[in-house]
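Take a look at the letters that make up each chain.
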Amino acid sequence: MSVSLAQLQRLKRQAGHRATAPATSNPVASRQTSLEDLRRLLRVRAPDRTVRASAADRALPGVEIAPAVRLVEATLPMDEAPGDIDGAFDRRDSIERDRLLFFDTETTGLAGGTGTRAFMIGAADWRGDALRIRQLYLTAMSGEADMLALFRGWLEPDTVLSSYNGK
């Protein structure tokens, strides 16, 4: 909101202020009263500076496995886990399901500029008759290199990667 000097002077007059400020022993209290009057006249609220967050509000899911990198992991048992997976997407006949790793990343964008940074990697793979789902995410951008190194550790030389394309 932009307020001109003339508007402020008019508001001060409406609030009952004189052109010359009276001498007070406490200039801070006088200034506070003046701010409150202006806010009232402009119908603007004072900023809320109370701290409401408690330590419980700031709890993050997962476990910190490197500085600024957290891991969330879940295993979903499957009564009828698939056998080999149709490999047509990779121009193959079939793929052993235990070699397949589905993954997706979240980044700061692909527009360039200061650069694209990954801040989350989600992955799913088969372990026996269960689907293991893992998510790495950053709590600070300084953890990006560690997060990418941890993801690289999930890969074997014969891993077949499949990325979700959003369709």
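Predicted model only: the values in this text are computed from it and were never measured. (Residues numbered from 1 in each chain as written. Predicted model: local features only at pLDDT ≥ 70, side-chain atom pairs only at ≥ 80, totals over all residues. Heavy atoms only, no water.)

Undergrad: Lay out the pairing of strand S2 (residues 69-77) with the relevant residues and their values.
TA: With three bridges connecting them, strand S1 (residues 63-66) and S2 associate as antiparallel partners. In the sheet register, Val63 faces S2, and the bridge partner there is Leu71. Connecting the antiparallel pair S1 and S2 is a turn made up of two residues, with Ala68 showing a positive phi of about 70 degrees. Sheet topology note: the S2/strand S7 (residues 130-138) ladder contains nine bridges and is antiparallel. Across the sheet, residue Arg70 finds its bridge partner in S7, namely Tyr137. (Pairing = 2+ DSSP bridges. Helix = DSSP H or I, 4+ residues; strand = E, 2+ residues; numbered from the N terminus.)

Undergrad: Go over the side chain of Asp37 with me, naming the residues and quoting the values.
TA: Along the chain, Asp37 turns up in helix H2 (residues 27-42). Of the residues examined, Asp37 reaches a relative accessible area of 17% and is grouped as buried. The contact partners of Asp37, leaving out residues within four places of it in the chain, are Ala15 and His17. (Buried < 20%, exposed > 50% of the residue type's maximum accessible area, 1.4 Å probe, protein only. Contact = heavy atoms within 4.5 Å.)

Undergrad: How would you explain the packing of aromatic side chains if you had to name every residue and give the values?
TA: Scanning all chains against the criterion turns up two aromatic pairs. For the pair Phe103 and Phe151, a centre-to-centre distance of 5.6 Å together with 45 degrees between the ring planes defines the contact as tilted. In this pair, Phe103 is assigned in strand S5 (residues 100-107) and Phe151 in helix H3 (residues 144-153), connecting sequence segments 48 residues apart. Each member of the pair, Phe103 as well as Phe151, carries the same accessibility label: buried. (Phe/Tyr/Trp six-rings, centres within 6.5 Å; stacked < 30°, edge-to-face > 60°.)

Undergrad: Can you tell me about a nonpolar patch on the surface, naming the residues and giving the values?
TA: Together, Leu76, Met78 and Ile133 make up an exposed nonpolar region whose accessible area comes to about 220 Å². With respect to the secondary-structure elements, Met78 resides in the loop between S2 and strand S3 (85-86). (Patch = residues over 30% accessible without salt bridge, like charges linked within 9 Å, V, L, I, M, F, W, Y side chains within 5 Å. Areas by Shrake-Rupley, 256 points an atom, 1.4 Å probe, with all protein chains shown as cover. Salt bridge = Lys/Arg side-chain N within 4 Å of Asp/Glu carboxyl O.)

Undergrad: Just give me the short version of the nonpolar core, but keep the residues and values in it.
TA: One finds Val69, Ala123, Leu136, Met147, Phe151 and Trp154 to be the most contacted residues of the largest nonpolar core, which totals 13 residues. Mapped by element, the contributors of at least two residues to this core are S2, S5, strand S6 (118-127), S7 and H3. Among the elements that take part in this core, S6 stands out by supplying three residues, more than any other. Discounting residues that sit within four places of it in the chain, Met147 has contacts with Val69, Ala118, Phe119, Met120, Ile121, Leu136, Tyr137 and Leu138. (Core = buried A, V, L, I, M, F, W, Y, C linked by side-chain atoms within 4.5 Å.)

Undergrad: Pulling in residues and values, what's your account of the pairing of S6?
TA: Most of S6 is tucked away, with eight of its 10 residues classed as buried. Across seven bridges, the pairing between S5 and S6 is antiparallel. Paired with Leu101 across the bridge in S6 is Asp125.

Undergrad: How would you sum up H3? Please name residues and give values.
TA: Of the positions making up H3, those classed as buried are Glu144, Met147 and Phe151. Down the axis of H3, the smallest arc covering the buried residues is 65 degrees, so these residues share one side. In H3, the exposed positions that point more than 90 degrees away from the buried face belong to Ala145, Arg152 and Gly153. Buried positions along H3 lie against S2, S5, S6 and S7. (Arc of directions from axis to C-beta.)

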